[in-house]
Amino acid sequence: MSKSKYNLRQQQIRLSREIAHFTSQTAKFIGNQSPQGKRCFTRAIRALTHRLDELEKIQNLLIQ
């Protein structure tokens, strides 16, 4: 396996862990009505979306 493929696999593993974390954060703050809870929920959704997009790009690179 080339070094670049290895690095992509490591990034894929890291992103998978982060996606699991932010998924749990969205579940934790989904019904929170306080301003801080809403802010945490919004940040978790944004981070989750960003990580999912990154993971999709990496998976496309690994397929090639």
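What comes next concerns the included structure. Nothing here was measured: the structure is a model prediction, and the numbers come from that model.

**Regarding helix α2 (residues 35-63)**
Next, step 1: Here α2 is 29 residues long and its end C-alpha atoms lie 42 Å apart, about the 42 Å a rise of 1.5 Å per residue gives.
Next, step 2: Every buried residue of α2 is accounted for by Gly 37, Ala 44, Ala 47, Leu 48, Arg 51, Leu 55, Ile 58 and Leu 62.
Next, step 3: Here the buried face of α2 lies against α1 (3-29).

**Some thoughts on the environment of Arg 14**
Next, step 1: Tracing the chain through its elements places Arg 14 in helix α1.
Next, step 2: Taking relative accessible area as the criterion, Arg 14 reaches 32% and is therefore assigned partly exposed.
Next, step 3: Taking the C-alpha atoms as reference, Arg 14 lies 15 Å from Ser 4; in sequence the two are 10 residues apart.

**Topic: α1**
Next, step 1: For α1, built from 27 residues, the straight-helix expectation of 39 Å at 1.5 Å per residue is met to within 8% by its first-to-last C-alpha distance of 39 Å.
Next, step 2: Of the residues making up α1, those classed as buried are Leu 8, Gln 12, Leu 15, Glu 18, Ile 19, Phe 22, Gln 25, Thr 26 and Phe 29.
Next, step 3: Here the buried face of α1 lies against α2.

**Side note on the pattern of salt bridges**
Next, step 1: Applying the stated criterion across every chain yields a total of two salt bridges.
Next, step 2: For the salt bridge of Arg 14 with Glu 18, the shortest nitrogen-to-oxygen distance reads 3.1 Å. Here Glu 18 and Arg 14 lie together in helix α1, a separation of four residues that amounts to about one turn.
Next, step 3: Close ionic contact of Glu 18 with Arg 51 constitutes a salt bridge, the shortest N to O distance being 2.6 Å.

**Remarks on the packing of α1 against α2**
Next, step 1: Two numbers describe how α1 lies on α2: the axes approach to 8 Å, and their chain directions differ by 155°. Comparing the axis directions of α1 and α2 gives the class roughly antiparallel. Like other packed secondary-structure pairs, α1 and α2 cross with a definite hand, here left-handed.
Next, step 2: Taken together, the residues of the contact of α1 with α2 break down into 16 nonpolar, seven polar and six charged.

**Some points on the nonpolar core**
Next, step 1: Judged by nonpolar contacts, Leu 8, Leu 15, Ile 19, Phe 22, Ala 44, Ala 47, Leu 48, Leu 55, Ile 58 and Leu 62 together constitute the single largest core of 10 residues.
Next, step 2: In terms of residues, this core owes the most to one element, α2, which gives six residues.

Definitions and limits used
Residues numbered from 1 in each chain as written. Predicted model: local features only at pLDDT ≥ 70, side-chain atom pairs only at ≥ 80, totals over all residues. Heavy atoms only, no water. Helix = DSSP H or I, 4+ residues; strand = E, 2+ residues; numbered from the N terminus. Expected span 1.5 Å × (residues − 1). Buried < 20%, exposed > 50% of the residue type's maximum accessible area, 1.4 Å probe, protein only. Contact = heavy atoms within 4.5 Å. Salt bridge = Lys/Arg side-chain N within 4 Å of Asp/Glu carboxyl O. Axes fitted to C-alpha atoms, helices over the stretch in contact; angles between N-to-C directions. Parallel < 35°, antiparallel > 145°, perpendicular 65-115°, else oblique. Left-handed = near helix turned anticlockwise from the far one by under 90°. Nonpolar A, V, L, I, M, F, W, Y, C, P; charged D, E, K, R; others polar. Core = buried A, V, L, I, M, F, W, Y, C linked by side-chain atoms within 4.5 Å.

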